[in-house]
Amino acid sequence: MNFDTTNPMLMLIDLQNAIDDPSWGVRNNPEAEDKIQTLLKNWRAKKLPILHIKHMSTEPESKYFPGTVGNDFKQVAMPLDSEDVIEKDTNSAFIRTNLDGYLQERSISEVVIVGVITNNSVEATARMSGNLGYKTFVVSDATYTFDMKDFAGQLHTAETVHNMSLANLQGEYAHILNTEEVLKRIVSGEDQCTKTS
């Protein structure tokens, strides 16, 4: 099964050094970076559109604050010179940015989202993407989050938080696929690139 269009866009969200800071706590999907690398390699090989979303926090104490090492892209998701970057300062990549216009100008109607954090910027961006009419896919094993306490103080594992966030999105806002399912939509099994070791 292929995508409906010939130019689905891979959108990488907030994949910056800040997300590796230990203060975030315990995460899920330890192989997410490998999955992201695999998707990037396939998108590049097929010359499909790629967009990097970079968080530019307005809070000086944030690990994502501009000018800090944390603000720099992770090596695994480093943009090529030919790949565009859109900067944001809120959780949704559509707020106070030109993302909607950018996608329309390029006739992009399908968006494939990877990155962090599942229940924050990934979910916020996917919700708005779906509401704006884009066919939106979130890659379940190429996104991740962290352990989180609820309002009653009960700790929930990152995997539980991750799965609930994806459940919130499934159907109404986005389609949830894993990396293998996404790759089957863009290339045949024989043509799939493998990740760089």
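How each quantity is defined
- Residues numbered from 1 in each chain as written.
- Predicted model: local features only at pLDDT ≥ 70, side-chain atom pairs only at ≥ 80, totals over all residues.
- Heavy atoms only, no water.
- Pairing = 2+ DSSP bridges.
- Helix = DSSP H or I, 4+ residues; strand = E, 2+ residues; numbered from the N terminus.
- Axes fitted to C-alpha atoms, helices over the stretch in contact; angles between N-to-C directions.
- Contact = heavy atoms within 4.5 Å.
- Parallel < 35°, antiparallel > 145°, perpendicular 65-115°, else oblique.
- Polar contact = N/O pair within 3.5 Å; in protein donor to acceptor, adjacent residues only side chain to side chain.
- Phe/Tyr/Trp six-rings, centres within 6.5 Å; stacked < 30°, edge-to-face > 60°.
- Buried < 20%, exposed > 50% of the residue type's maximum accessible area, 1.4 Å probe, protein only.
- Arc of directions from axis to C-beta.
- Salt bridge = Lys/Arg side-chain N within 4 Å of Asp/Glu carboxyl O.

*Asks:* Explain the sheet that holds strand E5 (residues 135-144) to me, and be specific about the residues and the numbers.
*Replies:* On the basis of which strands lie adjacent, the open sheet formed by six strands has the order E3-E2-E1-E4-E5-E8 and parallel pairing. Where the open sheet ends on each side, the last strands, each with one partner, are strand E3 (84-88) and strand E8 (175-177). Taken pair by pair, the neighbouring strands of this sheet meet at an average axis angle of 25°, ignoring direction. Relative to the sheet, helix H1 (residues 32-45) contacts strand E1 (9-13), strand E2 (50-55), strand E4 (110-116) and E5, its axis offset from that of E5 by approximately 135°.

*Asks:* Give a detailed account of the packing of H1 against helix H5 (residues 179-186), specifying residues and quantitative values.
*Replies:* Interaxial distance between H1 and H5 falls to 11 Å at its minimum, and their mutual angle equals 5°. When the interaxial angle is binned, H1 and H5 end up roughly parallel. Across the interface between the two elements, Lys35, Thr38, Leu39, Asn42 and Trp43 from H1 touch Thr179, Val182, Leu183 and Ile186 from H5.

*Asks:* Pulling in residues and values, what's your account of the environment of Thr157?
*Replies:* By the secondary structure assignment, Thr157 is in the loop between strand E7 (155-156) and helix H4 (158-169). Placed 130 residues apart in sequence, Thr157 and Arg27 show a C-alpha to C-alpha distance of 8.2 Å. At 3.0 Å, the side chain of Thr157 and the side chain of Thr160 are in polar contact.

*Asks:* Hey, could you go over the side chain of Asn71 for me, with residue numbers and the actual values?
*Replies:* Among the secondary structure elements, Asn71 is positioned in the loop between E2 and E3. A distance of 3.2 Å separates a polar atom in the side chain of Asn71 from a polar atom in the side chain of Lys54.

*Asks:* I'd love a proper account of unusual backbone geometry, names of residues and values included.
*Replies:* The omega torsion across Val116 and Ile117 is -15°, close enough to zero to call that bond cis. Summarising the element assignment, Ile117 is placed in the loop between E4 and helix H3 (118-131). One non-glycine residue, Asp14, lies in the positive phi region at around 55°. Within the element layout of this structure, Asp14 appears in the loop between E1 and H1. Unlike most non-glycine residues, Asn29 shows phi in positive territory, near 50°. Tracing the backbone shows Asn29 in the loop between E1 and H1.

*Asks:* Would you mind going over the packing of aromatic side chains in detail, with residue names and values included?
*Replies:* If you walk through the whole model with that rule in mind, you get five aromatic pairs. Judged by centre distance (5.1 Å) and plane angle (80°), the ring pair of Phe3 and Phe137 falls under edge-to-face. With a gap of 134 residues between them, Phe3 in the segment before E1 and Phe137 in strand E5 connect regions that are remote in the sequence. Centroid distance Phe94 to Tyr134: 6.2 Å. Interplanar angle 25°. Geometry classified as stacked.

*Asks:* I'd love a proper account of H5, names of residues and values included.
*Replies:* Along H5, the residues classified as buried are Thr179, Val182, Leu183, Arg185 and Ile186. Along the axis of H5, the buried residues cluster in a sector spanning 155°; they form a single face. Against the buried residues of H5 lie H1, E4, E5 and E8. Between the side-chain oxygen at the start of H5 and the backbone nitrogen of Glu180 there is a gap of 3.2 Å, and the oxygen is on Asn178.

*Asks:* Go over the side chain of Thr145 with me, naming the residues and quoting the values.
*Replies:* With respect to the element layout, Thr145 can be found in the loop between E5 and strand E6 (148-149). Here Thr145 is in contact with Val26, Arg27, Asn28, Ile117, Thr118, Asn119, Ala158, Val161 and His162, once residues within four sequence places are set aside.

*Asks:* Describe the pattern of salt bridges, listing the residues and the values that go with them.
*Replies:* Counting across every chain of the model gives twelve salt bridges. Among the ionic pairs, Lys63 bridges to Asp21, the shortest N-O distance being 3.6 Å. A residue pair is termed long-range when its members are at least 10 positions apart, and Lys63 in the loop between E2 and E3 and Asp21 in the loop between E1 and H1 qualify at 42 residues. One salt bridge in this structure joins Glu123 and Arg127, with 3.0 Å as the shortest N-O distance.

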